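Coordinates in review
Here are the chains, one letter per residue:
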Amino acid sequence: MSTPSNEAGGGNLMDEFEEAFQACLLSLTKQEPNSGTNKEEIELEVQKTTNRFIDVARQMEAFFLQKRFLVSTLKPYMLIKDENQDLSIEIQRKEALLQKHYNRLEEWKAGLADNQQGMGVHNRPAPPNMQPMPGPGPRPGMMGGMPPGGMPPGQQHLMQAQQMQQLRMMGKLPHK
């Protein structure tokens with residue numbers, strides 16, 4: 001049972017799948033308007049080759065599902081290994097997304113600071129925990145029991161309210 005064989009031709013399932021795919025493409029792309037075949041014959045051939053392709057694809061799917069089942073019963077640690085690898089990839093993707101959002105947040109903070117200075121608003125220095133963190137070190141809110149953003153919730157709410165008011169004054173947000 002090392003290679004799946006079909007009953008009709010004795011070839012393996014992958015070769016049969018490839019042939020069915022090529023026949024399907026050929027029936028869809030051939031241009032024979034002067035060959036004497038009518039539209040119904042062409043549609044019938046397309047339908048026939050497409051159905052054959054779908055049947056062989058289902059056979060391949062069944063074959064791989066059987067192999068997956070065998071692996072899961074004989075070597076369950078392989079499934080765990082695959083799942084761990086998938087989770088690691090997902091974590092890396094999400095960390096990259098978080099880093100992208102933190103970079104955007106820093107850009108918005110810098111833009112907001114520039115706008116505040118440009119408007120002549122008295123700009124008091126930011127608390128030390130609001131300074132941008134260099135490199136991919138620990139993210140805000142991940143240590144010390146502080147919420148994301150690096151400041152207590154009351155102060156965070158006040159800061160957000162101030163930012164919203166400034167955006168309204170600049171005309172970037174509608175007034176209440």
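Preceding this section is the structure that the text describes.
Residues numbered from 1 in each chain as written. Predicted model: local features only at pLDDT ≥ 70, side-chain atom pairs only at ≥ 80, totals over all residues. Heavy atoms only, no water.

**So, the overall build of the protein**
Put simply, the rule reads: By the criteria applied, helices consist of DSSP H or I runs no shorter than four residues and strands consist of E runs no shorter than two, each listed in order from the N terminus. Contacts are assigned to residue pairs with any non-hydrogen atoms lying within 4.5 Å of each other.
Each helix and strand counted, the protein has 4 helices and 0 strands in total. Secondary structure of the protein in N-to-C order comes out as α-α-α-α. Put simply, of all contacts in the protein between residues at least 6 apart along the chain, 49% involve residues at least 24 apart.

**Comments concerning the pattern of salt bridges**
As a reminder of what qualifies: Think of a salt bridge as a Lys or Arg side-chain nitrogen and an Asp or Glu carboxyl oxygen that are within 4 Å of each other. Exposure is judged per residue with a 1.4 Å probe applied to protein chains only, and the accessible area is read against the type maximum: over 50% gives exposed, under 20% gives buried, and values in between give partly exposed.
Throughout the structure, instances matching the rule amount to 5 salt bridges. For Lys94, the salt bridge identified is with Glu90, shortest N-O distance 3.6 Å. Of this pair, Lys94 and Glu90 both sit in helix H3 (residues 76–118), separated by 4 residues, roughly a single helical turn. For Glu90, a relative accessible area of 31% translates into the label partly exposed. Among the ionic contacts, a cluster of salt bridges with common partners joins Glu90, Arg93 and Lys94.

**A short note on a nonpolar patch on the surface**
For the record, the criterion: A residue counts toward a patch only above 30% relative accessible area and without a salt bridge, and it is joined to like-charged neighbours within 9 Å or, for Val, Leu, Ile, Met, Phe, Trp and Tyr, to nonpolar neighbours within 5 Å. Reported accessibility uses the Shrake-Rupley method at a 1.4 Å probe radius. Residues are deemed covered only where the shown protein chains occlude them.
Residues Phe21, Leu25 and Leu28 make up a contiguous nonpolar surface patch of roughly 270 Å² in combined accessible area. With respect to the element layout, Phe21 can be found in helix H1 (residues 13–29).

**Some remarks on the nonpolar core**
Which entries qualify depends on this criterion: Definition of nonpolar core: a set of buried residues of the types Ala, Val, Leu, Ile, Met, Phe, Trp, Tyr and Cys, connected through side-chain atoms within 4.5 Å.
Membership of the largest hydrophobic core is limited to 7 residues, which are Leu13, Ala20, Cys24, Phe53, Val56, Met60 and Phe63. Secondary structure elements with two or more residues in this core: H1 and helix H2 (39–74). Broken down by element, this core gets its largest block of residues, 4 residues, from H2. Sequence-distant contacts of Cys24, defined by excluding residues within four places in its chain, comprise Thr49, Thr50 and Phe53.

**Notes on the side chain of Ser27**
The following threshold applies: Side-chain atoms alone can form a polar contact between residues adjacent in sequence; in general such a contact is a pair of N or O atoms within 3.5 Å, and within protein one must be able to donate a hydrogen while the other accepts it.
Tracing the backbone through its elements, the reader meets Ser27 in helix H1. A relative accessible area of 4% means that Ser27 is categorised as buried. There is a polar contact of 2.9 Å between the side chain of Ser27 and the side chain of Thr49. Discounting chain neighbours no more than four positions away, the residues touching Ser27 are Glu45, Val46 and Thr49.

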